[in-house]
Amino acid sequence: MKQIKGDLSILMALTLLLSSCIGVQADISLRPDGSGTMVLEYRFSRMLASLGELDGNERRLPVPLGKADFERTQERVPGLRLVSFSSQEDETDRYHQVKMEFADPAVLVRFLDATGQRASLVQEQGKYRLTLAFTQGMDKPDPDLLALLEAAAAGYDLTVNLSFSGEGSLRVYDREGRPWDAVPGMILVSQGKQVSFTAPLGAVLTRNQGLYMEIGWQPR
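Bear in mind the structure is a predicted one, so any value in this text is a computation, not a measurement.

Q: I tried to follow the overall build of the protein chain on my own but got confused; where do I start?
A: Assigned secondary structure in the protein chain consists of six helices and 11 strands. Counting all 220 residues of the protein chain, 46% fall into the buried class. Summarising the internal contacts of the protein chain: among those between residues at least 6 apart in sequence, 69% fall at separations of at least 24. Summed over its atoms, the accessible surface of the protein chain is roughly 11100 Å², and 47% of this surface lies on carbon and sulfur atoms.

Q: Could you clarify how one ought to interpret the packing of aromatic side chains in this entry?
A: Under the criterion given, the structure shown has six aromatic pairs. A centroid spacing of 6.4 Å and a plane angle of 45° characterise the contact between Phe70 and Phe111, whose relative ring orientation is tilted. On the criterion of sequence distance, the pair formed by Phe70 in helix 3 (residues 67-76) and Phe111 in helix 4 (residues 105-112) is long-range, its members being 41 residues apart. For Phe70, a relative accessible area of 0% translates into the label buried. Here Phe111 falls in the buried class, since its relative accessible area comes to 2%. Their ring planes at 25° and their centres at 5.9 Å tell us that Phe164 and Trp217 sit as a pair that is stacked.

Q: Before we go on, may I ask you to explain the pairing of strand 10 (residues 191-200) in this structure?
A: When a strand is regular, its side chains alternate between the sheet's two faces. Summarising the sheet, strand 8 (residues 157-173) and strand 10 pair through nine bridges and their orientation is antiparallel. Paired with Ser169 across the two strands is Gln191, which belongs to strand 10. Inspection of the sheet shows strand 9 (residues 187-189) paired to strand 10 by three bridges, in the antiparallel sense. Of the residues in strand 10, the one forming a bridge with Val189 is Ser196.

Q: Honestly, the layout of surface pockets in this entry has me stumped. Any pointers?
A: Here the idea is plain: a probe the size of a water molecule rolls over the atoms and shows the empty space left. The calculated volume of the second largest pocket comes to roughly 200 Å³. In terms of lining, the second largest pocket is formed by 14 residues, of which the most central are Glu41, Tyr42, Arg43, Tyr95 and His96. Going through the elements one at a time, strand 2 (23-30), strand 3 (36-45), strand 4 (80-89), strand 5 (93-102) and strand 8 are the ones with two or more residues in the lining of the second largest pocket. Partitioning the lining of the second largest pocket into residue classes produces three nonpolar, eight polar and three charged.

About the thresholds
Residues numbered from 1 in each chain as written. Predicted model: local features only at pLDDT ≥ 70, side-chain atom pairs only at ≥ 80, totals over all residues. Heavy atoms only, no water. Helix = DSSP H or I, 4+ residues; strand = E, 2+ residues; numbered from the N terminus. Buried < 20%, exposed > 50% of the residue type's maximum accessible area, 1.4 Å probe, protein only. Contact = heavy atoms within 4.5 Å. Areas by Shrake-Rupley, 256 points an atom, 1.4 Å probe, with all protein chains shown as cover. Phe/Tyr/Trp six-rings, centres within 6.5 Å; stacked < 30°, edge-to-face > 60°. Pairing = 2+ DSSP bridges. 1 Å grid on protein atoms, 1.4 Å probe; cavity = no way out; pocket = protein on both sides within 12 Å on 5 of 7 lines; lining within 4 Å. Points joined across faces, edges and corners; volume = space filled by probe spheres on them. Nonpolar A, V, L, I, M, F, W, Y, C, P; charged D, E, K, R; others polar.

So far we have only geometry, and geometry alone does not tell us how the molecule works.
Dropping the structure here:
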């Protein structure tokens, strides 16, 4: 059995994005040879973005994952390529979209995690199992803080979509290993060539025991 851990902190940055009440969608597509693409979209309020411009540095945002971050990541991770980066905005939100290509699942893991604690990949008998830790929960949550997070996160979601050449699976659970119970607005497709998970950001942030994912597939 072979276990691979990452060396870059995209998941850490995503966690900051989530805790800043920002909607995130990740679309990952895996080809039969193990290579693939990841399209990451995130949106955040223009009010939040304006906080980074108070010092006169226009477009300097108080969140990571700007184009320069991905360019630096590309340089540090062999087998990773930045395909495109775009931004737009409307009356209330700014939207960023980035597309990356990765040479194999191990490169994807190194792209996702720097610490080796939030993403890991196990390969055994031709099958892969990718584990992601998005949020680790709070031991003693303050009810007032939970209510504030729920209100601030209204209208934002976390979405993860994966496409495989063969059959895949997606399991969502907390840090104790218990499956996530359905919450209003949650969508889970756990088996097939396309699997997905969507949940309101408020539910993700206020779940005491956190959010973990286990993704399994066998290339064909």
